[in-house]
Amino acid sequence: MTEPLLECIPNFSEGRDEQVIRAIAASITSVAAVKLLEIDSGYDANRTVMTFVGTPEAVCEAAFRAMATAANLIDMRRHRGAHPRIGATDVCPLVPLHHVSMEETVQLAHRLARRVGSELQIPVYCYEYAATSEERRSLPFLRKGEYEGLARRMLHFKPDFGPKTFQPKPGATVIGARKILVAWNCNLATKDIAIAKSIAAEVRTSGRKLPGNSYPEKQFIPGRLPAVRAIGWLMPEYDCVQVSTNLIDIDVTPIHTAYEEISKTALRYGTRVTGSELVGLIPLKAMLEAGRYFFAKDKQPVPNDEGALIAKAVQSMGLDELRPFEPDKKIIEYAMKR
């Protein structure tokens, strides 16, 4: 593949209204040089993640059209959902895939943010590699207080682009440039959300706050997994609680490493991981590495066959517990060939 290729994975604050979801998807596919790879909606999260690829200019145009449609059709004043969010389009990351540098992706993210801010009149914060300050690199930091606290926060926390005042209907959005991220949730054999939250706090990079006033010079105990964000939440749709994670650098913490650590931690809390759920897509490399790991762990010969390695990873991590895992739809390289 020789042409520049960019990936975009916008997250929209609507996971229940099929008409709205279809309208946003149609905005993306209205751009000829873009391929929509997946639409992943969650009822309880009330959120839809769309993944599409194409040439950089086409991807940015499709992202803008999708954000315009979301701002028109989604009213954040009525939105309720389990997932943290600050706007109709909560976050819109750009990811360089082929023949696009991170520096070029940052420039594209800033150009898109400027256009969204001026033409759609939506406040925009930039994150990760596109952040305008070190503290703004963090998505959880930008989402602090969520939509409900946004009006108050914007009094002193001004966006990078767009209006500086609160916009009640669309809220705000976060646009950035980042590496490939894997959004992935572990299902627990318990309905105690406190356990899920405790496990998330132990494994995520940021760690957990110390109880009481002990050790005032150190307010947090760091988590055990680098480059991992995690929260615990209840998912009535699946009748379970989950440890919901973002693996922000799978070269640092691969999915199988996160699975093993969360599983060990769950056992200490008297429960277990029953399976897991991939939200969006995953690189082929990550699935092959996981398959090799689990074959070796089970003291079985490690095959060279991609299909066998993928099947082992799916079975070992229970990636098909909640719904079928279809490699041609969930693995980036396969989905691009469909």
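Residues numbered from 1 in each chain as written. Predicted model: local features only at pLDDT ≥ 70, side-chain atom pairs only at ≥ 80, totals over all residues. Heavy atoms only, no water.

## Some thoughts on the overall build of the chain
In terms of regular secondary structure, the chain is built from 11 helices and 13 strands. Across its three principal axes, the chain shows a C-alpha extent of roughly 60 × 55 × 35 Å. Put simply, of all contacts in the chain between residues at least 6 apart along the chain, 71% involve residues at least 24 apart. For the chain, the exposed area adds up to about 14900 Å²; of that, 53% sits on carbon and sulfur atoms. (Helix = DSSP H or I, 4+ residues; strand = E, 2+ residues; numbered from the N terminus. Contact = heavy atoms within 4.5 Å. Areas by Shrake-Rupley, 256 points an atom, 1.4 Å probe, with all protein chains shown as cover.)

## Observations concerning the sheet that holds strand β12 (residues 240–247)
Here four strands make up an open sheet; going across it, the order is β11-β12-β8-β13 and the pairing antiparallel. Each of the sheet's edge strands pairs with one partner strand only, and the pair in question is β11 (228–235) and β13 (273–279). Going from strand to strand, the sheet's axes swing by 25° on average, the running direction of each strand aside. Pairing analysis gives six bridges linking strand β8 (residues 182–188) to β13, with the strands arranged antiparallel. Paired with C186 across the two strands is S276, which belongs to β13. Where helix α6 (residues 193–203) meets the sheet, it contacts β8, β11 and β12, and its direction lies at approximately 175° from that of β11. Each of β8, β12 and β13 touches helix α7 (residues 255–268); the most contacted strand, β8, lies at about 25° to it. (Pairing = 2+ DSSP bridges. Axes fitted to C-alpha atoms, helices over the stretch in contact; angles between N-to-C directions.)

## Let's talk about the side chain of K330
The topology assignment puts K330 in helix α10 (residues 327–330). You can call K330 buried: its relative accessible area is 9%. Of the polar contacts made by the side chain of K330, one reaches the backbone oxygen of L278; its length is 3.2 Å. Within polar-contact distance, the side chain of K330 engages the backbone oxygen of G280 at 2.8 Å. With near-sequence residues (within four places) excluded, K330 lies in contact with E38, D40, L278, V279, G280, L281, I282 and F325. (Buried < 20%, exposed > 50% of the residue type's maximum accessible area, 1.4 Å probe, protein only. Polar contact = N/O pair within 3.5 Å; in protein donor to acceptor, adjacent residues only side chain to side chain.)

## Let's talk about the side chain of T89
Within the fold, T89 resides in strand β5 (residues 89–98). Beyond its immediate stretch of four places on either side in the chain, T89 contacts N11, F12, M67, A70, A172, T173 and V174.

## With respect to the pattern of salt bridges
Considering all chains together, one arrives at 29 salt bridges under this definition. The closest approach of N and O atoms between K330 and E38, which form a salt bridge, is 2.6 Å. Residue K330 is found in helix α10, and its partner E38 is found in strand β3 (residues 34–42); the two are separated by 292 residues along the sequence. E38 carries the same exposure label as K330, and that label is buried. The salt bridge partner of R47 is D90, with a shortest N-O separation of 2.8 Å. With R47 in strand β4 (residues 47–54) and D90 in strand β5, this pair connects stretches of sequence that are 43 residues apart. Looking at R47, the relative accessible area reads 6%, which means it is buried. Connected through salt bridges with shared partners, the residues E38, D40, E277, R323 and K330 form a single ionic network. (Salt bridge = Lys/Arg side-chain N within 4 Å of Asp/Glu carboxyl O.)

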